[in-house]
Amino acid sequence: MPSLKYYDQPDLLQHKNRIRIAVSLFYFCQGIAFASWASRIPIIKSNLQLSEGELGTILLMLPIGQLVTMPLSGKLVSKYGSHHLLPITAIIYSCILCLIGLATNAWQLGGILFLFGVFGNMCNISVNTQGVLAEDIFKKTIMASFHGVWSIAGFTGALVGLLTLNLGLSTLQHFLIILGLVTLSTLINKTFLVPPKQSTTEKKSGSFKPDRTLISLGVIGFCSMATEGAMFDWSGVYFHDIVEAPENLVIVGYASFMVMMASGRFVGDFVINRIGRQRTLQISGILMFLGMIMSVVWPNFIVCTAAFMLVGLGVACNIPTVYSITGKHKTIPSGVALAMVSSISYLGFLMGPPLIGYIAELFSLRYSYGIFACFGLLLFIITSRLRVFKEN
């Protein structure tokens, strides 16, 4: 594909399938890099002799790095283009992953995780901007499938982590393998990334403030990501303490949620193209609410497994849909708009799990999940009132 300075619809249409593969592989690379880090957390904790409290404090450095970089990421994407920024940040992100394997104390690990969050956010804004541009070429919704690839990368990263542990490879050796894979994929696929639209580039100067639509989209993202965070961090505890599942089956709650979230993303584009974004999000909000309430009212193994599956389906398409609409903002460049909405959304992921813990400490974990069920209803209400869905 010839190198283009700006988006050229006729030329890009000739390569649209190859572009979709390239963008999907960048999502995959980001997902497997993050999952590789997550798979090694217990080993790193043991090697550095960290207590639970110390590890919890250190882990906060990653989302802090992501949050403080949100405005900068949007400006960089707007100024230089996601097609230029993404290949660079993807490789740097994997290099910093390798630095984690070299950390010898808590201070080093905290500082490296901060940088990991910084470049992870730059990758996130860049790759989602690419998703929006690729979606525009196809003239239909394909964003959910990109996020589905990210979910598959999470499973793959966990499996690779398990394999390297059984082979006796060190954390650094494991991460070097990931760096090699990401670098090779980046070099092969970078020429198929989509350049920015001319009109978007013309809007890049000046300062921008989020309007009511972007704030509402951010709140939808907040509700969804707060629920995701609650499921990621607390589903195992819920099955252990509330459901009282056997030790070897505690993982079923988390697994049922993750499998349905990934599956929902791969069928999500078909559903959205059939019934529309607004109705899909409305159904998603109801599924989130029903799943959380079912787990509170009937805390037994079978019902809670089914309930967590509903929650997984409920959150599957929310963030891809929100990002897709955000990237098509008429007056704000895609990268800047995505950074604004991501900032609000990611607060949910950051605040959700601790909030669950605080409520559980005061009352009970069941009470926490009951309160979080309200996020599904809030998502439904906001979605029903937003006009932007009729414009996209």
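Let's shift gears to the overall build of the chain. When helices and strands are counted, the chain shows 19 helices and zero strands. For the chain, the C-alpha radius of gyration of 20 Å lies close to 21 Å, the compact-globule estimate for 392 residues. The dimensions of the chain, computed from C-alpha atoms along their principal axes, are 60 × 50 × 35 Å. Scored against the burial criterion, the 392 residues of the chain give a buried share of 52%. Accessible surface, the chain as shown: approximately 17,100 Å² in total, 67% of it carbon and sulfur. Counting 26 positive and 16 negative side-chain charges, the chain places the centres of these two groups 12 Å from one another.

Let us look at the pattern of salt bridges. Tallying each qualifying case throughout the model produces four salt bridges. For Lys139, the salt bridge is made with Asp136, and the minimal N-O distance between the two is 3.9 Å. A relative accessible area of 17% places Asp136 in the buried class. Residue Arg265 is joined to Glu228 by a salt bridge in which the shortest nitrogen-to-oxygen separation is 4.0 Å. With a gap of 37 residues between them, Arg265 in helix 13 (residues 251-275) and Glu228 in helix 12 (residues 212-241) connect regions that are remote in the sequence. With relative accessibility at 5%, the residue Arg265 sits in the buried group. The network of salt bridges with common partners includes Glu135, Arg277 and Lys328.

On to the packing of helix 16 (residues 318-326) against helix 17 (residues 334-362), then. Running from N to C, helix 16 and helix 17 point in directions that differ by 145°, and their axes come no closer than 9 Å. Seen from above, helix 16 lies across helix 17 with right-handed handedness. Across the interface between the two elements, Val322, Tyr323 and Thr326 of helix 16 pack against Ala337, Leu338, Val341 and Ser342 of helix 17. For the contact of helix 16 with helix 17, the per-class residue count stands at five nonpolar, two polar and no charged.

Before going further, it helps to spend a moment on the packing of helix 12 against helix 14 (residues 277-297). Interaxial distance between helix 12 and helix 14 falls to 12 Å at its minimum, and their mutual angle equals 25°. If you check the angle between helix 12 and helix 14, you find them roughly parallel. Along this stretch, helix 12 crosses helix 14, giving a crossing that reads as left-handed. Contacts between helix 12 and helix 14 pair Cys223, Ser224, Thr227, Met231 and Tyr238 from the former with Met288, Met292, Ser295 and Val296 from the latter. Taken together, the residues of the contact of helix 12 with helix 14 break down into six nonpolar, three polar and no charged.

A few words now on empty space enclosed by the protein. Within this structure, the stated rule accounts for two cavities of 30 Å³ or more. If you go around the second largest cavity, the residues you meet are Phe26, Cys29, Gln30, Ala33, Leu86, Ala90, Tyr93, Ser94, Cys123, Val127 and Val182. When residues of the lining of the second largest cavity are traced back to their parent elements, those giving at least two are helix 2 (16-39), helix 7 (82-100) and helix 8 (106-138). Considering only residue class, the lining of the second largest cavity consists of nine nonpolar, two polar and no charged.

It is worth spelling out the nonpolar core at this point. Grouped together as the largest cluster of nonpolar side chains are 106 residues, with contacts concentrated most on Trp37, Ile100, Leu109, Phe116, Tyr238 and Tyr369. Broken down by element, this core gets its largest block of residues, 14 residues, from helix 8. Contacts of Ile100, omitting those with residues within four sequence positions, involve Trp37, Ile44, Leu109, Ile112, Leu113, Phe116 and Phe175.

Below, the discussion takes up the packing of aromatic side chains. In the structure shown here, the tally under the stated rule is 11 aromatic pairs. Site record: aromatic cluster; members linked through ring pairs are Tyr238, Phe239, Phe301, Phe308 and Tyr369. Looking at Arg18, its charged tip hangs above the ring of Phe192, at a distance of 4.2 Å from the centre. If you follow Arg20 out to its NZ or CZ, it ends over the ring of Phe138, 5.4 Å from the centre.

Here we take up unusual backbone geometry. Its identity as a non-glycine residue notwithstanding, Lys139 has a phi of 60°, on the positive side. Structurally, Lys139 is set in the loop between helix 8 and helix 9 (143-166). Positive phi, close to 60°, is recorded for Glu244, a residue that is not glycine. Of the residues examined, Glu244 reaches a relative accessible area of 63% and is grouped as exposed.

By the secondary structure assignment, Ser94 is in helix 7. Discounting residues that sit within four places of it in the chain, Ser94 has contacts with Leu179 and Val182.

On to helix 18 (residues 365-385), then. Along an α-helix, a turn takes 3.6 residues, which lines up residues three or four apart on a common side. The first and last C-alpha atoms of helix 18 sit 32 Å apart over 21 residues, in line with the 30 Å expected at 1.5 Å per residue. Taken together, the buried positions of helix 18 are occupied by Leu365, Ser368, Tyr369, Phe372, Ala373, Phe375, Gly376, Leu379, Ile382 and Thr383.

Each value, and the rule that gives it
Residues numbered from 1 in each chain as written. Predicted model: local features only at pLDDT ≥ 70, side-chain atom pairs only at ≥ 80, totals over all residues. Heavy atoms only, no water. Helix = DSSP H or I, 4+ residues; strand = E, 2+ residues; numbered from the N terminus. Rg over C-alpha atoms; globule rule 2.2 N^0.38 Å. Buried < 20%, exposed > 50% of the residue type's maximum accessible area, 1.4 Å probe, protein only. Areas by Shrake-Rupley, 256 points an atom, 1.4 Å probe, with all protein chains shown as cover. Lys, Arg positive; Asp, Glu negative; His and termini not counted. Charge placed at Lys NZ, Arg CZ, Asp CG, Glu CD. Salt bridge = Lys/Arg side-chain N within 4 Å of Asp/Glu carboxyl O. Axes fitted to C-alpha atoms, helices over the stretch in contact; angles between N-to-C directions. Left-handed = near helix turned anticlockwise from the far one by under 90°. Contact = heavy atoms within 4.5 Å. Nonpolar A, V, L, I, M, F, W, Y, C, P; charged D, E, K, R; others polar. Parallel < 35°, antiparallel > 145°, perpendicular 65-115°, else oblique. 1 Å grid on protein atoms, 1.4 Å probe; cavity = no way out; pocket = protein on both sides within 12 Å on 5 of 7 lines; lining within 4 Å. Points joined across faces, edges and corners; volume = space filled by probe spheres on them. Core = buried A, V, L, I, M, F, W, Y, C linked by side-chain atoms within 4.5 Å. Phe/Tyr/Trp six-rings, centres within 6.5 Å; stacked < 30°, edge-to-face > 60°. Lys NZ or Arg CZ within 6 Å of the ring centre and 35° of its normal. Expected span 1.5 Å × (residues − 1).

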